[in-house]
Amino acid sequence: MCAPPLVQGRALTKRFGTYIAVDQIDFKVERGEAFGFLGPNGAGKTSTMRMIGCVSPVSGGELSVLGMDPALQGPAIRSRLGVVPQEDNLDTELTVWDNMAIYGRYFGLPRSVIRERAQELLDFVQLGDRRQDRVDPLSGGMKRRLTIARALVNQPELLLLDEPTTGLDPQARHLVWERLYQLKLQGVTLVLTTHYMDEAEQLCDRLVIMDRARIVAEGSPRELIQLHSTREVVELRFATAEERRDALPLLNGSGERVEMLPDRILVYTGDGDGTAELVARDGLRPASVLVRRSTLEDVFLILTGRTLED
Amino acid sequence: MTESLADLASAVPRGRILPVGPSRRRSVHVIERNALAYRRMWYVFLTGFFEPLLYLLSIGVGVGALVGRLPGPGGRLVTYEAFVAPGLLAAAAMNGSVFDTTFNFFVKYKYAGTYDAMLATPLGVGDVAHGEVGWALLRGTVYAAAFLLTMAALGLVASPWGVLAVPAAVLIGYGFAGLGLAATTWMRSFVDFDFVNLALVPLFLFSATFFPLSRYPNGVAWGVRLTPLYQGVNLERSLVLGDIRWTLLVPAVYLGALGWGGVRVASSRLARLLQP
Amino acid sequence: MAVAPPMLRVLEREAIVFRKLWRGSAFSSFVTPVMFLAAIGLGLGGLVERRTGHVAGVGYLAFVAPGLLAASAMQTAAGSSLWPVMAGTKWIRTYHAVVATPLSAADLYGGTVLWVGVRATAAASAFLAVAVLLGGVPSPWGILAVPAATLGALAFAAPLAAYAATQDTDLTFPVIMRLGIVPLFLFSGTFFPISQLPSWLRPVSVASPLWHAIELCRQATTGTPRWAAATGHTAVLIACVAAGWRWGTRTFARRLTP
Ligand SMILES: Nc1ncnc2c1ncn2[C@@H]1O[C@H](COP(=O)(O)OP(=O)(O)O)[C@@H](O)[C@H]1O
Ligand SMILES: [Mg+2]
């Protein structure tokens with residue numbers, strides 16, 4: 001690939017006073033891909049996104065967005081970005097339509113252009129029939145979709161999505177994912193953050209795993225799982241905490257790796273069914289046994305010793 | 001985008017988003033946004049005009065009947081209505097502008113995330129500050145013009161210089177908009193707005209709005225002279241009653257400086273608050 | 001209308017909330033009227049007395065003091081029965097938590113209105129004390145202006161709280177303040193006798209509860225009781241409270257326990 005990356009951070013750092021929220025991270029986003037920052041709350045995802053969105057000054061290292069420097073060319077960069085922030089900040093004093101219209105005006109678009117695009121975009125996010133509604137009574141999923149439509153009004157080359165589906169119910173999430181997938185097909189570059197491993201797996205071509213202000217791994221979801229985890233995982237739940245504790249020494253050696261969580265034990269193994277049989281033969285009586293494939297959640301656990309959701 | 005060329009011209013120290021100078025073209029969109037929001041609340045907009053008018057009829061005409069004539073600027077005797085009307089015009093300019101730049105601004109800044117949304121677009125913090133001040137002044141202009149027309153209809157505009165009362169009201173609005181915007185950047189919650197009222201009510205009542213400075217002991221009168229609303233009242237009253245002097249430039253410069261300084265302070269503080 | 005103990009528990013809750021917000025409330029219901037008294041009563045009053053001498057038989061300060069007393073009780077009542085009720089039913093929905101306990105919607109309504117009464121009493125007492133110090137209360141009967149102002153406050157709080165519970169947004173509230181409360185404040189005999197009003201406007205003022213409250217307060221502070229008139233004013237105010245109360249117990253129940 002010879003085109004310059006759309007976004008590039010080198011030793012990128014963000015400090016709030018003495019607190020380091022983003023610590024010398026390196027990453028590259030290429031044109032046309034969907035790139036993710038996966039990490040738990042407080043990892044520094046939003047801080048990174050705000051630097052990319054040119055609304056938070058870089059404290060150290062280098063950042064280029066669309067080949068420009070955010071500190072010098074903020075407005076020029078922002079005019080080519082779409083931003084879906086972590087918290088919806090739709091204008092609750094305006095209707096759905098007016099939200100689209102005024103946002104387009106912020107970009108200096110002519111009204112005739114906005115009229116055309118706004119209708120198209122509202123149809124795209126399936127809000128075409130809610131034009132005249134107030135924003136407040138919309139459901140969480142509708143607000144999120146409207147925020148996405150609004151972010152697309154300037155036909156951005158790069159769409160930043162900070163936790164696009166946090167707080168949505170499963171149905172609403174799937175609808176958002178489906179729309180984002182359509183955008184990806186249309187060639188829009190997506191940069192998103194999430195603390196849901198399924199979201200990262202669904203949407204991201206490539207991602208970095210962030211923890212405590214640092215990047216701990218990078219790659220495609222498949223690469224990350226192949227590199228850091230085993231093919232399968234056996235999840236064992238026990239009736240009591242004592243049983244779980246007593247089981248731990250017996251399980252050592254039953255797989256490539258054993259992790260004890262507050263509510264279950266995970267055994268990482270290449271052959272889940274075989275390991276499950278082995279466990280039964282050892283005389284352990286777990287309340288439930290579940291064999292499944294490894295996920296990014298497991299990668300995160302193996303790399304950091306903690307789970308993604310607190 | 002043309003602004004990028006200008007932006008490139010200067011190098012900036014690390015750790016700051018370049019405060020790209022506000023562009024008039026961009027801050028106009030902030031005004032547009034407020035106009036859209038008020039389109040559905042036109043009656044709120046409309047009723048804003050009534051309050052000074054009601055005060056004029058109650059205190060001016062009602063109590064005025066009990067007061068009779070008193071010396072206006074330049075010492076000429078004027079009716080009490082004619083005395084109080086320009087004072088109310090000035091006070092209304094202050095009130096409207098302070099309300100827009102403190103309470104309304106705070107809601108959008110702290111709770112509604114309106115400015116976070118704007119700043120994700122090419123708009124900058126300076127555009128936001130100038131746009132909000134511009135909106136407050138636009139609204140103030142409409143109110144001031146309507147009030148001045150009412151005054152004229154009631155025969156309370158003694159001099160043709162009175163037409164300058166509208167730009168003077170805009171200047172008063174500007175001074176207080178700067179002050180209000182800057183003050184709001186220090187507010188933490190709605191509870192702090194008690195302080196806004198704590199400042200506005202005495203300014204409204206004691207800035208020679210309702211009675212002349214001669215009612216005060218000398219020392220107090222000097223203190224009152226220093227307040228921005230007194231300066232505004234003095235300016236309006238002199239214009240409407242036709243007492244034109246070069247010294248009227250003093251209140252004009254005072255209010256202009258207040259607005260300019262306030263907006264600058266607000267912009268630089270907002271840059272840090274909205275873009276941490 | 002015996003006060004049931006549950007209502008007092010609502011009162012207690014309001015008092016706890018109030019401990020955090022007392023400054024703004026003290027400002028709007030005490031400091032502001034005192035400033036009006038100083039500016040209009042003393043500052044402007046000096047000009048009135050220089051020319052007209054007395055208004056309705058008393059000095060201008062003594063004329064304005066009872067007017068401001070009753071009018072600020074009204075403003076406090078309006079401000080603290082519109083938005084706080086909206087907050088309770090819609091914004092922070094604390095009322096819904098209250099009616100999930102043994103307290104009923106009617107208790108909640110009664111407690112809310114009575115709480116306004118308690119605050120109006122406190123504010124009126126403080127204001128009256130200042131007015132006495134400034135020489136605006138010539139008669140010891142003036143003490144009766146406190147219950148009179150409180151009754152006036154209730155006459156506004158009862159219907160306005162009832163109304164607030166019927167609304168989904170606060171959009172009409174500023175309009176009520178600007179087109180209802182402010183004109184009443186300015187034209188109900190607060191600053192000048194309503195005999196000065198054009199004759200077509202006088203009946204409007206007479207119809208407003210504020211005029212009745214002001215008349216009651218003024219008779220008390222100036223020591224000129226006219227018992228028949230006073231009985232009439234009191235009856236009008238009580239009728240407003242009663243009508244508001246009937247309405248409010250219904251609107252609260254409809255909103256909170258549909
Ligand atoms: N404006 C700020 N001032 C001080 N600390 C902040 C600020 N914004 C974020 N932080 C801190 O930086 C850390 C990273 O936050 P954030 O980037 O929001 O994480 P994430 O989005 O991954 O949950 C958190 O510990 C947060 O408390
Ligand atoms: Mg975040």
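Residues numbered from 1 in each chain as written. Chains lettered and ligands numbered in written order. Predicted model: local features only at pLDDT ≥ 70, side-chain atom pairs only at ≥ 80, totals over all residues. Heavy atoms only, no water.

**Observations regarding the interface of chain B and chain C**
Put simply, the rule is: What makes two residues a contact is simply this: any of their non-hydrogen atoms within 4.5 Å. Here the buried area means the combined drop in accessible surface, using a 1.4 Å probe, for two parts upon being joined, counting both sides. A pairing counts as a salt bridge when a side-chain nitrogen of Lys or Arg comes within 4 Å of a carboxyl oxygen of Asp or Glu. Nitrogen and oxygen atoms within 3.5 Å of one another constitute a polar contact, given that in protein one can donate a hydrogen and the other can accept it, and given that sequence-neighbouring residues count only through two side-chain atoms. Helix and strand definitions follow DSSP, with helices as H or I runs of at least four residues and strands as E runs of at least two, each counted in order from the N terminus.
Taken together, the 35 residues of chain B in the interface contact 33 residues of chain C. Taken together, the two surfaces of chain B and chain C that pack against each other cover about 3,000 Å², and 75% of this comes from carbon and sulfur. The three residues of chain B that bury the most area against chain C are Leu54, Leu66 and Arg215 of chain B, which together make up 20% of that side's buried surface. Our count for the contact surface shared by chain B and chain C stands at 0 salt bridges. Linking chain B to chain C there are 5 residue pairs in polar contact (both at pLDDT 80 or more). Among the secondary structure elements, those contributing two or more residues to the side of chain B that touches chain C are helix 3 (42-47), helix 4 (50-67) and helix 9 (193-206) of chain B.

**Regarding the pattern of salt bridges**
Note the cut-off: Only protein chains enter the accessibility calculation, which uses a 1.4 Å probe; a residue whose area is less than 20% of its type maximum is buried, one above 50% is exposed, and one in between is partly exposed.
This structure, assessed with the given rule, holds 32 salt bridges over all chains. A salt bridge links Lys45 of chain A to Glu163 of chain A; the nearest nitrogen and oxygen atoms lie 3.6 Å apart. Separated by 118 residues along the polypeptide, Lys45 of chain A in helix 1 (residues 45-52) and Glu163 of chain A in the loop between strand 6 (158-162) and helix 6 (170-185) bring together distant segments of the chain. Neither residue differs from the other here; Lys45 of chain A and Glu163 of chain A are each classed as buried. Arg39 of chain B serves as the salt-bridge partner of Asp98 of chain A, at 3.1 Å between the closest nitrogen and oxygen. Residue Asp98 of chain A is found in helix 3 (residues 96-106), and its partner Arg39 of chain B is found in helix 2 (residues 24-39); the two belong to separate chains. Given a relative accessible area of 7%, Asp98 of chain A falls into the buried group. Within the structure, one salt-bridge network assembled from shared partners comprises Glu235, Arg237, Asp263, Arg264, Arg292 and Asp298 of chain A.

**Description of the coordination of the magnesium ion (ligand 2)**
Expected angles at a metal are 109.5 degrees for tetrahedral coordination by four donors and either 90 or 180 degrees for octahedral coordination by six donors. All names here are of chain A. The condition is simple: For Na, K and Ca the donor cut-off is 3.2 Å, while for other metals it is 2.8 Å, and in both cases only N, O and S atoms qualify; water is not among them, so sites may look incomplete.
Around the magnesium ion (ligand 2), the protein contributes the donor atoms Thr46 (OG1) and Gln86 (OE1), which lie 2.0 to 2.2 Å from the metal centre. Taken together, the positions of Thr46 in helix 1 and Gln86 in the loop between strand 5 (81-84) and helix 3 put the pair 40 residues apart, joining distant regions of the chain. Since its relative accessible area comes to 33%, Gln86 is described here as partly exposed.

**Some words on the interface of chain B and chain A**
What counts, and what does not: Residue classes follow a fixed rule: Ala, Val, Leu, Ile, Met, Phe, Trp, Tyr, Cys and Pro count as nonpolar, while Asp, Glu, Lys and Arg count as charged, and any other residue, Gly among them, counts as polar.
Listed as interface residues are 38 residues of chain B and, on the opposing side, 35 residues of chain A. Summing the contributions of chain B and of chain A, the shared interface buries around 3,200 Å²; its carbon and sulfur component is 57%. The interface formed by chain B and chain A includes 5 salt bridges. Our count for the chain B to chain A interface comes out at 13 residue pairs in polar contact (both at pLDDT 80 or more). Counting only elements with at least two residues in the side of chain B that touches chain A, the list comes to helix 1 (3-8), helix 2 and helix 6 (114-119) of chain B. For the side of chain B that touches chain A, the element with the highest residue contribution is helix 2 of chain B, accounting for 7 residues. Looking at the side of chain B that touches chain A residue by residue, the class counts come to 18 nonpolar, 9 polar and 11 charged.

**What to know about the pairing of strand 8 (residues 206-211) of chain A**
Residues and elements named next belong to chain A. Put simply, the rule reads: For two strands to be treated as a pair, DSSP must find no fewer than two bridges joining them.
Summarising burial for strand 8: 6 of the 6 residues are buried, a large majority. The alternating pattern of strand 8 places Arg206, Val208 and Met210 and Leu207, Ile209 and Asp211 on opposite faces, both of which are buried. Of the strand pairs in this sheet, strand 3 (residues 34-38) and strand 8 are connected by 4 bridges, and their pairing is parallel. When the bridges of strand 8 are listed, Phe37 appears paired with Val208.

**A few points about the arrangement of the chains**
Contact analysis covers 2 pairs of chains in contact, and the most contacts occur between chains A and B. One finds no contact linking chain A with chain C; the least C-alpha distance across the pair is 11 Å.

**Considerations on the sheet that holds strand 12 (residues 265-269) of chain A**
Residues and elements named next belong to chain A. Rule in force here: Think of each axis as a best-fit line through the C-alpha atoms, taken over the contacting stretch in the case of a helix, with angles from 0 to 180 degrees between the N-to-C directions.
Pairing in this open sheet of 4 strands is antiparallel, and the strands run 11-12-10-13 from one edge to the other. Two strands lie at the open edges of the sheet, namely strand 11 (257-260) and strand 13 (288-293), each paired on one side alone. Across the sheet, the mean angle from the axis of one strand to that of its neighbour is 20°, orientation sign disregarded. Relative to strand 12, strand 11 runs antiparallel, the two being bridged by 4 bridges. Residue pairing for strand 12: Glu259 is matched across the bridge by Leu266.

**Details of the packing of helix 8 (residues 221-228) of chain A against helix 11 (residues 296-304) of chain A**
All names here are of chain A. Selection rule: Angular relationships are summarised with four words: roughly parallel below 35 degrees, roughly antiparallel beyond 145, roughly perpendicular across 65 to 115, and oblique for the angles in between. A clockwise turn of the near helix away from the far one marks a right-handed crossing, whereas an anticlockwise turn of less than a right angle marks a left-handed crossing.
The contact between helix 8 and helix 11 brings their axes to 9 Å, and the two run at 45°. One element, helix 8, and the other, helix 11, form an angle in the oblique class. Of the two elements, helix 8 crosses helix 11, and the hand of that crossing is left-handed. Contacts between helix 8 and helix 11 involve Pro221, Leu224, Ile225 and His228 on the former and, on the latter, Leu296, Val299, Ile302 and Leu303.

**Quick look at the site of ligand 1**
Which entries qualify depends on this criterion: Whether a residue is near a molecule or strand depends on its heavy atoms: it is near if one of them lies within 4 Å of it. To be clear on the numbers: accessible area is Shrake-Rupley with a 1.4 Å probe, and residue cover counts the displayed protein chains and nothing else.
Around ligand 1, the structure places Phe16, Tyr19, Ala21, Pro40, Asn41, Gly42, Ala43, Gly44, Lys45, Thr46 and Ser47 of chain A together with Pro276 of chain B. Of the chains in the model, those with residues near ligand 1 are chains A and B. At 2.9 Å from an oxygen atom of ligand 1 is found a side-chain nitrogen or oxygen belonging to Tyr19 of chain A. The contact in question runs from an oxygen atom of ligand 1 to an N or O atom on the side chain of Thr46 of chain A, over 2.6 Å. Starting from 560 Å² of accessible surface for ligand 1 in isolation, the protein chains cover 64%. Mapped onto the shell around ligand 1, the elements with two or more residues apiece are strand 2 (19-29) and helix 1 of chain A. The element contributing the most residues to the shell around ligand 1 is helix 1 of chain A, with 3 residues. For the shell around ligand 1, the residue count by class is 6 nonpolar, 5 polar and 1 charged.

**Section: the confidence of the model for chain C**
The condition that has to hold: Per-residue confidence from the prediction method is given by pLDDT, with values spanning 0 to 100.
Looking at chain C as a whole, the pLDDT averages 90, with 97% of positions reaching at least 70. Reported confidences for the modelled complex are a pTM of 0.87 and an ipTM of 0.88.

**Regarding unusual backbone geometry**
All names here are of chain A. For Ala11, which is not glycine, the phi dihedral falls at a positive 50°. Its place among the elements puts Ala11 in strand 1 (residues 7-16). By relative accessible area, which is 28% here, Ala11 ends up partly exposed. At Ala213, a residue that is not glycine, the phi angle is positive and equals roughly 75°. The topology assignment puts Ala213 in the loop between strand 8 and strand 9 (214-219). Judged by its relative accessible area of 4%, Ala213 is buried.

**Some details on the side chain of Gln219 of chain C**
Relative to the helices and strands, Gln219 of chain C is located in helix 8 (residues 209-221). The contact partners of Gln219 of chain C, leaving out residues within four places of it in the chain, are Thr224, Pro225, Arg226, Ala229, Ala230 and His233 of chain C.

**A closer look at the environment of Met197 of chain A**
Residue and element names in this part refer to chain A. Its place among the elements puts Met197 in helix 7 (residues 197-203). Note: C-alpha distance between Met197 and Leu296 (99 residues apart in sequence) is 5.5 Å. When neighbours within four sequence positions are excluded, Met197 is seen to be in contact with Leu38, Thr295, Leu296, Glu297 and Leu308.

**Some thoughts on a nonpolar patch on the surface**
Note the following rule: Exposure above 30% relative accessible area and the lack of any salt bridge qualify a residue for a patch; like charges then connect within 9 Å, and the nonpolar side chains Val, Leu, Ile, Met, Phe, Trp and Tyr within 5 Å.
There is a patch of nonpolar side chains on the surface, built from Phe99, Phe103, Tyr111 and Phe190 of chain B and spanning about 390 Å² of accessible area. Relative to the helices and strands, Phe190 of chain B resides in the loop between helix 8 (165-184) and helix 9.

**A closer look at the environment of Ala153 of chain C**
Along the chain, the position of Ala153 of chain C falls in helix 5 (residues 145-164). Beyond its immediate chain neighbours, meaning those up to four positions away, Ala153 of chain C contacts Ala73, Ala77 and Ala120 of chain C.

**Thoughts on helix 11 (residues 228-241) of chain B**
Residues and elements named next belong to chain B. We apply this condition: The span expected for a helix works out to 1.5 Å for each residue beyond the first.
Taking 1.5 Å per residue, 14 residues should reach 20 Å; helix 11 reaches 20 Å between its end C-alpha atoms and fits that length. Among the 14 residues of helix 11, 14 are classified as buried, and the element is accordingly described as predominantly covered. Once helix 11 finishes, Gly242 follows within two positions and takes phi at roughly 75°, a positive value.

**Side note on the sheet that holds strand 1 of chain A**
Residue and element names in this part refer to chain A. Strand order in the open sheet made by the 3 strands is 2-1-4, with antiparallel pairing throughout. At either end of the open sheet lies a strand with only one pairing partner, and these are strand 2 and strand 4 (60-65). Across the sheet, the mean angle separating the axes of adjacent strands is 25° when strand polarity is ignored. Of the strand pairs in this sheet, strand 1 and strand 4 are connected by 5 bridges, and their pairing is antiparallel.

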